[in-house]
Amino acid sequence: MSLKDAALSVREKAYAPYSNFKVGAAIRATSGQVFSGCNVENVAYPEGTCAEAGAIAAMVAAGEQQLAEVYVVASSPQPVPPCGGCRQKLAEFGKRDVKVTLASVDGTELETTIGQLLPGAFDASYMEGT
Ligand code: THU
């Protein structure tokens, strides 16, 4: 299954009763394995957990830690950019040149990279020598 199909499919399972905004994310690890996640909200923290975070958690739980490609889809008029927290999580597990496709269910796609989404990212190298 393509990342696009995996993201569209998992988006249907999103639990978003507060925002009514369903998001699906699919990621391919460097091993080739595909993981997916949807947003899951709750009444105390209505923003809940983002789709990207869910997909990354599934990847890490399966023993993988390196992203090769990312696809995110929502029903917005324009492809929705990941939130700040998700950008940091993507940067944690993927190199700067990893392709990220942001998409809308109508088929509009915006291609970017982890590095473009989080320029000047803080990473572990800044803690060297402390
Ligand atoms: N959301 C995601 O899952 N990913 C994004 O990239 C943007 C926002 C979710 C979080 C929340 O459930 C809903 O969309 C509205 O913010």
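Further up the page is the structure itself.
A brief report on the enclosed structure follows. Keep in mind that what you see is a predicted model, and the values were worked out from it rather than measured. Each chain has its residues counted from 1, following the order in which its sequence is written. The predicted origin of the model limits local features to residues at a pLDDT of at least 70 and limits the giving and counting of side-chain atom pairs to 80 or more, whereas totals for whole chains, interfaces and linings rest on all residues. Note that water and hydrogens are dropped before the side-chain values are worked out from all heavy atoms of the structure.

1. What to know about the site of the ligand
Taken together, Ser19, Phe21, Val23, Asn39, Glu41, Glu47, Cys50, Ala51, Glu52, Val80, Pro81 and Pro82 make up the full set of residues near the ligand. Nitrogen and oxygen atoms within 3.5 Å of one another constitute a polar contact, given that in protein one can donate a hydrogen and the other can accept it, and given that sequence-neighbouring residues count only through two side-chain atoms. With respect to the ligand, the backbone of glutamate 47 contributes an N or O atom lying 3.2 Å from an oxygen atom. The method behind every accessible area is Shrake-Rupley, applied with a 1.4 Å probe, and residues are considered shielded solely by the protein chains displayed. Burial of the ligand by the surrounding chains reaches 83%, relative to a free accessible area of 370 Å². Within this scheme a cavity is a closed region of a 1 Å grid, computed over the protein atoms alone, that accommodates a 1.4 Å probe without allowing it to escape, whereas a pocket is open but has protein on both sides within 12 Å along at least five of seven lines; lining residues each have an atom within 4 Å of a point. Occupancy of a cavity or pocket is assigned to a molecule whenever over half of its atoms lie within 2 Å of that pocket's grid points. Of the pockets mapped on this structure, the ligand occupies the second largest pocket. The near set for a molecule or strand comprises every residue that places at least one heavy atom within 4 Å of it.

2. Remarks on the pattern of salt bridges
Any Lys or Arg side-chain nitrogen found within 4 Å of a carboxyl oxygen on Asp or Glu counts as a salt bridge. Counted by the stated rule, this structure contains 3 salt bridges. Between glutamate 69 and arginine 28 there is a salt bridge, and its shortest N-O distance comes to 2.6 Å. Taken together, the positions of glutamate 69 in strand S3 (residues 67-74) and arginine 28 in strand S1 (residues 23-29) put the pair 41 residues apart, joining distant regions of the chain. Three labels apply to residues, based on accessible area from a 1.4 Å probe with only protein chains included: buried if under 20% of the type maximum, exposed if over 50%, partly exposed otherwise in between. Classification of glutamate 69 by relative accessible area gives buried; the value is 17%. The exposure class assigned to arginine 28 is partly exposed, which follows from its relative accessible area of 28%. Each of Arg28, Glu69, Lys99 and Glu111 takes part in salt bridges that share partners, so that together they form one network. In this description a helix means any DSSP run of H or I spanning at least four residues, a strand means any run of E spanning at least two, and both kinds are numbered starting from the N terminus.

3. A word on the packing of aromatic side chains
Side-chain rings of Phe, Tyr and Trp (the six-membered ring for Trp) are treated as a pair once their centres are within 6.5 Å; stacked means planes under 30 degrees apart, edge-to-face means over 60, and tilted covers the remaining angles. Going through the model one piece at a time under the given rule, you end up with 1 aromatic pair. An angle of 25° between the planes, with centres 6.1 Å apart, marks the rings of phenylalanine 122 and tyrosine 126 as stacked. Exposure class is identical for phenylalanine 122 and tyrosine 126. Each is exposed.

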